[in-house]
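Spelled out from the first residue to the last, the chains are:
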Amino acid sequence: MKTLYDVQQLLKRFGVFVYVGKRLWDIELMALELDHLRESDVIDKETFIKAKLVIEREHRIEEQREQEKNKS
């Protein structure tokens, strides 16, 4: 699992479709959904960790984009 798309595909396997309209919010909601899947023991720990690392990286990138956008 390397991209946000991979995380989306993982969530779709469990019937979770995320689209809020703002990429940062989508990423945050995906993180919450991953937490719920792990708490319910639906996904294993290794998959959870890989997905969370991708989510955290994408969240950081998106926050940086917004900060740069606001500076302009």
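Quick caveat, the model's predicted, so the values are computed rather than measured.

Engineer: What am I meant to see in the side chain of K52 here?
Structural biologist: Note that K52 resides in helix 3 (residues 45-71). On the accessibility criterion, K52 (18% relative accessible area) is buried. In terms of polar contacts, K52 uses its side chain to reach the side chain of D35, at 3.0 Å. In contact with K52, other than residues within four places in its own chain, are A31, L34 and D35.

Engineer: I'm lost on the nonpolar core in this one. Help?
Structural biologist: Across soluble globular proteins, nonpolar side chains have a tendency to be buried as a group. The biggest cluster of nonpolar side chains holds 16 residues, and the ones touching the most others in it are V7, L11, M30, L34, I43 and I55. Sorting the residues of this core by element identifies helix 1 (4-13), helix 2 (23-39) and helix 3 as the ones contributing at least two each. It is helix 2 that provides the largest number of residues to this core, a total of five residues. Leave out the neighbours within four places in its chain, and I55 touches L4, V7, I27, M30, A31 and L34.

Calculation notes
- Residues numbered from 1 in each chain as written.
- Predicted model: local features only at pLDDT ≥ 70, side-chain atom pairs only at ≥ 80, totals over all residues.
- Heavy atoms only, no water.
- Helix = DSSP H or I, 4+ residues; strand = E, 2+ residues; numbered from the N terminus.
- Buried < 20%, exposed > 50% of the residue type's maximum accessible area, 1.4 Å probe, protein only.
- Polar contact = N/O pair within 3.5 Å; in protein donor to acceptor, adjacent residues only side chain to side chain.
- Contact = heavy atoms within 4.5 Å.
- Core = buried A, V, L, I, M, F, W, Y, C linked by side-chain atoms within 4.5 Å.

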